[in-house]
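These are the residues of each chain, in order.
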Amino acid sequence: MRKLLNLSVAALLLAGGVYLYAEDEHEEHEHHASSFVAKPMSKQEKATVLLYQKECGACHFAYQPEFLPKRSWDKTMNSLNNHFGTDATLDPSDHKTIQNYLVSHASKNDRMTGMGGEIAMRISETPNFKHEHREIPKKMVTQADVKSFANCASCHTKAASGSYREREIRIPNYGSWE
Amino acid sequence: MKYLAIVWMFSMSLMAASPEVVQYMNELSKTAKAENSSFSGFDAARGKEIFTSTHTGKQGKPMACTSCHTTNLSNNGKNSLTGKVIDPLSPRANPQRLTSTKEVNKWLKRNFMDVYAREGSAQEKGDVLTYIMKN
């Protein structure tokens, strides 16, 4: 069975949960996070999640914070003026709210074993991720409809709701993955 | 006559923006005047040039505003860096546009960096907004 990521009530309600990948080899992972009973989010928590999704989802899919540890998010947030070659700066108040949100929902696992001491800025460059995606032919990723592994939602049709189950995968122009 | 036509066009174009953004344009206009005494109002034709011309961007590669927003502002654009679809920039096609000073300010800063590798001047920002409002 698949371990669930360390989920917040906020992420649970809005996103329905995130599935952890490749921590352990898996057979079946049928349960869904939304079946958990969660406390309703406060107005403020809801506003924070919406702010995160708006700001960090403006140029690409709003990645769930559970995919990277605190030190990755700190590094990301401290270099938004040069964020993968673009300017993603925020006003100081939004910056602080988002950094707190990312850090408090970050992965508890470091996820960077084998990276030679480097701090991962990309989810798609962590050893976990690479392992989980090792069987996918390059041409399926570099095609125009996907572009790069950063485009989670182009293959994971339910990624926006935090679900990455195999039966929900549809690779553009290739179809499902079984 | 020519002057009247310009005033008319300017006020028509301002109708496409919210009061908040109209106020922002007024401030840009004051700054532009302070920075350049020969400044005599924003101009959509200069704005078009800013929007459609190609420059060496932040990544050292050729970039234009149209790289992401395309030349037809009523259509969807596509982020050339990430592939994500961008809703139309024209306030006529997309009433959400140019309604928040905070949004406009944030994106102009970022997008001038992307395309020009520097921030835009008050005049450039006003010119390009005037162009966007008319399209």
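Here the structure is a predicted model, which is why all the values come from computation and not from measurement.

Asks: Go over the overall build of chain B, please, and point to the residues and values.
Replies: Each helix and strand in chain B was counted, giving six helices and four strands. Counted from the first residue to the last, chain B has its helices and strands arranged as α-α-α-β-β-α-β-β-α-α. By the burial criterion, 42% of the 135 residues in chain B qualify as buried. As presented, chain B carries roughly 7,400 Å² of accessible surface, and 57% of it is formed by carbon and sulfur atoms.

Asks: Could you give an account of the nonpolar core, with specific residues and numbers?
Replies: In this structure, Y52(A), Y63(A) and I98(A) are the most contacted members of the largest nonpolar core, which totals 28 residues. Of all the secondary-structure elements, those providing two or more residues to this core are α2 (43-55), α3 (70-77) and α4 (92-104) of chain A. Sequence-distant contacts of I98(A), that is, excluding residues within four places in its chain, are made with L51(A), Y52(A), E55(A), C56(A), M77(A) and L90(A). Among the nonpolar cores identified, the runner-up in size contains 26 residues, and L28(B), L89(B), V115(B) and L129(B) belong to it.

Asks: Before we move on, can you summarise the packing of α3(A) against α4(A) with the specific residues and values?
Replies: Residues and elements named next belong to chain A. Running from amino to carboxyl end, α3 crosses α4 at an angle of 160 degrees, the nearest separation of the two axes being 9 Å. One finds that α3 runs roughly antiparallel with respect to α4. The handedness of the crossing between α3 and α4 comes out as right-handed. Across from K70, W73, D74 and M77 in α3, the residues of α4 making contact are H95, I98, Q99, L102 and V103.

Conventions and cut-offs
Residues numbered from 1 in each chain as written. Chains lettered and ligands numbered in written order. Predicted model: local features only at pLDDT ≥ 70, side-chain atom pairs only at ≥ 80, totals over all residues. Heavy atoms only, no water. Helix = DSSP H or I, 4+ residues; strand = E, 2+ residues; numbered from the N terminus. Buried < 20%, exposed > 50% of the residue type's maximum accessible area, 1.4 Å probe, protein only. Areas by Shrake-Rupley, 256 points an atom, 1.4 Å probe, with all protein chains shown as cover. Core = buried A, V, L, I, M, F, W, Y, C linked by side-chain atoms within 4.5 Å. Contact = heavy atoms within 4.5 Å. Axes fitted to C-alpha atoms, helices over the stretch in contact; angles between N-to-C directions. Parallel < 35°, antiparallel > 145°, perpendicular 65-115°, else oblique. Left-handed = near helix turned anticlockwise from the far one by under 90°.

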